[in-house]
Amino acid sequence: MNTFSLLLQDTRRSERIDQVSSFVGEDSSGSFGIRANHARMMTALVTGLARFRFAAGDWQYLAMPGAVLYFHDNVLTLSTRHYLRDDDYTRISAALEEQLLAEEEQLRSTRESLR
C-alpha cells in the first residue's frame, strides 16, 4: 500500500507521522481527500475536525482552529496555531467544542476591554 508522511506543526511542537494512507479535511469549497502521490496542492482548512488513516487501517482525528495544508513530495504539512489529536471521535469532538467556547469567551472579553 502506498503511504505518505504527515507533518503537524503548531506554535509549541512539531510531529512527523509516517505510514499515513489517507487524509480527509475541509476547506471553503468542501470536504476532500488526499492519498499518497497526490498532486502538489495548498489550501486553508476551516475550523473543525480532520482525520487521517494509517496503513494499518486505524483512524486518528485532528481538531484545529483552521490550518494551512501543503502537500508536496509525498509529505502533507499542516501548520496551525494548535491542534488536538485523538483516536476517539467523541472525546475529540467534546474537546474541540470546549476549546472553541473558551476562545469565543476570550474574544468577547477582549472586545469588552477595548470598548
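These remarks concern the structure in this document. Just so we're clear, the structure is a prediction, and the values are computed from it rather than from any experiment.

### Details of unusual backbone geometry
Look at Gln19: it is not a glycine, yet its phi comes out positive at around 65 degrees. Note on placement: Gln19 falls in strand β2 (residues 14-27). Relative accessible area serves as the criterion here: at 46%, Gln19 is assigned to the partly exposed category. Of note, Asp73 is a non-glycine position whose phi angle comes to about 55 degrees, a positive value.

### Digging into the packing of aromatic side chains
In total, this model carries three aromatic pairs according to the counting rule given. A centroid spacing of 5.5 Å and a plane angle of 80 degrees characterise the contact between Phe4 and Phe71, whose relative ring orientation is edge-to-face. A residue pair is termed long-range when its members are at least 10 positions apart, and Phe4 in strand β1 (residues 4-9) and Phe71 in strand β5 (residues 59-72) qualify at 67 residues. Judged on exposure class, the residue Phe4 and its partner Phe71 are both buried. It is Arg13 that lies over the ring of Tyr83; its NZ or CZ is 4.2 Å from the centre.

The rules we used
- Residues numbered from 1 in each chain as written.
- Predicted model: local features only at pLDDT ≥ 70, side-chain atom pairs only at ≥ 80, totals over all residues.
- Heavy atoms only, no water.
- Helix = DSSP H or I, 4+ residues; strand = E, 2+ residues; numbered from the N terminus.
- Buried < 20%, exposed > 50% of the residue type's maximum accessible area, 1.4 Å probe, protein only.
- Phe/Tyr/Trp six-rings, centres within 6.5 Å; stacked < 30°, edge-to-face > 60°.
- Lys NZ or Arg CZ within 6 Å of the ring centre and 35° of its normal.

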